[in-house]
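# Notes for the structure review
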Amino acid sequence: MLEMVFNGSFMPHGHCLLWRWDLLFLHVGGDALTGLAYAMIPIALIHIVLKRDDLNFDRLFLLFAGFISFCGITHLLGLFNIWHGYYFIEGVAKLITGLISIVTAVVLWKLTPRIVALPSAALLAQRNQELLNAQQELKDINMTLEAKIAERTRELHIQASTDELTSILNRRAILKDLDNEINRCQRHHQICSVLMLDVDYFKHVNDTYGHQVGDEVLIMIADAITQTCRQTDSVGRYGGEEFLIVLPQTDSQQAYELAERIRKSVASISTQHPFSVSCSIGVATFDETLDMHTLIKRADEAVYNAKEKGRNCVSH
Ligand SMILES: Nc1nc2c(ncn2[C@@H]2O[C@H](COP(=O)(O)OP(=O)(O)OP(=O)(O)O)[C@@H](O)[C@H]2O)c(=O)[nH]1
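Residues numbered from 1 in each chain as written. Predicted model: local features only at pLDDT ≥ 70, side-chain atom pairs only at ≥ 80, totals over all residues. Heavy atoms only, no water.

## A look at the sheet that holds strand S4 (residues 279–285)
Just so we agree on the cut-off: Pairing between strands is defined by DSSP: at least two bridges between the two strands are required. Helix numbering and strand numbering both begin at the N terminus, where a helix is a DSSP run of H or I of at least 4 residues and a strand a DSSP run of E of at least 2. Whether two residues touch is decided by their heavy atoms; if any such pair falls within 4.5 Å, the residues are in contact. Axis angles are defined between N-to-C directions and span 0 to 180 degrees, where every axis is a line fitted to C-alpha atoms and, for a helix, only to the segment in contact.
If you trace the five strands from one edge of the open sheet to the other, you get S2-S3-S1-S4-S5, paired in mixed fashion. Across the chains shown, the open sheet's two edge strands, defined by having one partner strand only, are strand S2 (234–237) and strand S5 (314–315). Its contacts with the sheet place helix H6 (residues 171–188) against strand S1 (192–199), S2 and strand S3 (242–248), and it is angled at close to 25 degrees to S3.

Following this line, the structure appears as structure tokens:
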């Protein structure tokens, strides 16, 4: 058997080429180049399989590598047999090549529907672009939402600190401003004053002309105070017909003068009804022995004094 396989005594292939150099050159050159290429291609295929574990066709790549390797062996044996006569071995190699080719062809056909169904590079690029567009759209929506949330938060913050009727600060907000101002004065050894303003005979306005007219008067008083004060002053509604005004860096005398201007401004308010508006204002000035509640109490007591003095006046 071995003798049969390794029987090289058949006539070498070169004899039929008559040992012509041109025919030898073509056959030797062709087979040598093909053999070289068929040795390199399987290495590349195996390298790809090892490097890319996301490719789902390893089996096909390996079959191709095997098939091309045997093709190469067949060509090299053909080259060898130009000078020798090992046709049995060459035939075996051809048979193995044939078998592995058939297996490769069958596997290739079985895999063809899946390969054809793979999305093309252009389609993937298009899908990628669509995803990028969607991502950008989401980013834009997100930014718009964030801007809306920030705007809404700002609105809510204003709402939470604004008196609904007069649009000046509400009680909570004006007390917060006063607390901050007192802390600042304590830290920097500065001065500030507060005014407590109470509308005179307001019950009479409500009882005689109705609650709505009373509301309109409160709005006009708030406007009059705001227009008379500086931007840095805080004006708030402390209670029903009581207003609290915080005056940073204002001493007792300056506060008194401002209170007078406010009183006059309120007294000049005219409505369509036959009554005059007036207010009594109490002034209190911060010193470092006072806390917020004592300061407000002092302003309250000053309002009481002003009422006692006959209303429509300012008291320390
Ligand atoms: N229209 C209106 N009236 C209010 C509001 N809040 C409180 N009041 C009224 O303000 C009046 C305050 O009356 P009083 O505390 O007796 O004081 P007054 O009548 O101003 O008298 P004096 O302060 O002593 O000059 C009451 O009638 C309350 O109903 C409000 O938001 N709108």
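Now that the structure is up, let's keep going.
## Notes on the pattern of salt bridges
Definition in use: Whenever a carboxyl oxygen of Asp or Glu lies within 4 Å of a side-chain nitrogen of Lys or Arg, that contact is scored as a salt bridge. The classification of residues rests on relative accessible area computed with a 1.4 Å probe and restricted to protein chains. Under 20% of the type maximum is buried, over 50% is exposed, and intermediate values are partly exposed.
For the structure on display, the rule yields 14 salt bridges. Note that Asp-163 and Arg-237 form a salt bridge whose closest N and O atoms lie 3.2 Å from each other. Highlighted residues: Asp-163 in the loop between helix H5 (121–161) and H6 and Arg-237 in strand S2, separated in sequence by 74 residues. Comparing Asp-163 with Arg-237, the two get one shared label, buried. Linked by salt bridges that have partners in common, Asp-198, Asp-200 and Lys-307 make up one network.

## Here we look at a nonpolar patch on the surface
Spelled out, the test is: Patch definition: residues above 30% relative accessible area lacking any salt bridge, with like charges linked at up to 9 Å and the nonpolar side chains Val, Leu, Ile, Met, Phe, Trp and Tyr linked at up to 5 Å. Residue burial considers only the protein chains on display, and all accessible areas are found by Shrake-Rupley using a 1.4 Å probe.
Where nonpolar side chains cluster on the molecular surface, the patch consists of Met-1, Met-4, Phe-88, Val-92 and Ile-96 and spans about 470 Å² of accessible area. Ranked by the residues each element gives to the nonpolar patch, the list is headed by helix H4 (residues 87–117), at three residues. Here Ile-96 shows up in helix H4.

## Some details on the nonpolar core
Short version of the rule: Buried Ala, Val, Leu, Ile, Met, Phe, Trp, Tyr and Cys residues that are joined via side-chain atoms within 4.5 Å together make up what is termed a nonpolar core.
Formed by 30 residues in total, the largest nonpolar core has its most connected members in Leu-195, Leu-197, Ile-221, Ile-225, Phe-243, Ile-262 and Val-266. Those elements that provide at least two residues to this core are S1, helix H7 (202–209), helix H8 (211–228), S3, helix H9 (252–267) and S4. Considering every element that reaches this core, the biggest residue donor is H8, with seven residues. The residues touching Ile-225, leaving out its near neighbours within four places in the chain, are Leu-197, Val-235, Phe-243, Ile-245 and Ile-262. Residues Cys-185, Cys-192, Tyr-238 and Phe-286 belong to the second largest nonpolar core, which totals 19 residues.

## Details of unusual backbone geometry
A positive phi angle, close to 50 degrees, is found at His-189, a residue other than glycine. Mapped onto the fold, His-189 is located in the loop between H6 and S1. A relative accessible area of 59% means that His-189 is categorised as exposed. Unlike most non-glycine residues, Gln-249 shows phi in positive territory, near 50 degrees. By secondary structure assignment, the location of Gln-249 is in the loop between S3 and H9.

## Re the site of the ligand
Rules: By convention in these notes, a residue is near a molecule or strand provided one of its non-hydrogen atoms lies within 4 Å of it. A 3.5 Å cut-off defines polar contacts: any pair of N or O atoms within that distance qualifies, except that in protein one atom must be a possible hydrogen donor and the other a possible acceptor, and neighbouring residues in sequence count only when both atoms are side-chain atoms. Under the scheme applied here, ten amino acids are nonpolar (Ala, Val, Leu, Ile, Met, Phe, Trp, Tyr, Cys and Pro), four are charged (Asp, Glu, Lys and Arg), and all others, including Gly, are polar.
Of all residues adjacent to the ligand, which total 16 residues, the nearest are Phe-202, Lys-203, Asn-206, Asp-215 and Arg-237. Within the side chain of Asp-198, one N or O atom sits 3.1 Å away from an oxygen atom of the ligand. Of all elements in the fold, only S1, H7 and H8 reach the threshold of two or more residues within the shell around the ligand. Looking at the shell around the ligand residue by residue, the class counts come to four nonpolar, four polar and eight charged.

## Remarks on the environment of Glu-257
Inspection of the secondary structure puts Glu-257 in helix H9. Assessed through its relative accessible area of 39%, Glu-257 is described here as partly exposed. Sequence separation of Glu-257 and Val-314 is 57 residues, and the distance between their C-alpha atoms is 9.2 Å.

## Concerning the side chain of Thr-104
Mapped onto the secondary structure, Thr-104 falls in helix H4. The residues contacting Thr-104, other than those within four sequence positions of it, are Leu-60, Leu-63, Phe-64 and Phe-67.

## Observations regarding the pairing of S1
By the criterion of burial, S1 is predominantly enclosed, with eight of the eight residues buried. Both faces of S1 are covered, namely the face carrying Cys-192, Val-194, Met-196 and Asp-198 and the face carrying Ser-193, Leu-195, Leu-197 and Val-199. Inspection of the sheet shows S1 paired to S3 by seven bridges, in the antiparallel sense. Paired with Met-196 across the two strands is Leu-244, which belongs to S3. Pairing analysis gives seven bridges linking S1 to S4, with the strands arranged antiparallel. For Ser-193, the partnering residue across the bridge sits in S4 and is Thr-285.

## Concerning the UniProt feature "transmembrane region" (unreviewed entry) in the chain
The line we're drawing: UniProt positions are given in the numbering used here, feature names are shortened, and annotations may be inferred rather than shown by experiment.
According to UniProt, the feature "transmembrane region" (unreviewed entry) maps to residues 24–48, 60–80 and 86–109 in the numbering used here. The distance from the first to the last C-alpha atom of residues 60–80 is 30 Å, and the span holds 100% helix and 0% strand.

## Topic: the packing of helix H2 (residues 21–51) against helix H3 (residues 58–80)
For clarity, the threshold we go by: For classification purposes, angles smaller than 35 degrees are called roughly parallel, those larger than 145 roughly antiparallel, those between 65 and 115 roughly perpendicular, and all remaining angles oblique. Working rule for handedness: look at the near helix, and if it is turned counterclockwise from the far one by less than a right angle, call the crossing left-handed; if clockwise, right-handed.
Packing of H2 against H3 leaves a shortest axis separation of 8 Å and a crossing angle of 160 degrees. Considering their axes alone, H2 and H3 lie roughly antiparallel with respect to each other. As for the relative orientation of H2 and H3, their crossing is left-handed in sense. When its residues are assigned to classes, the contact of H2 with H3 shows 17 nonpolar, seven polar and two charged.

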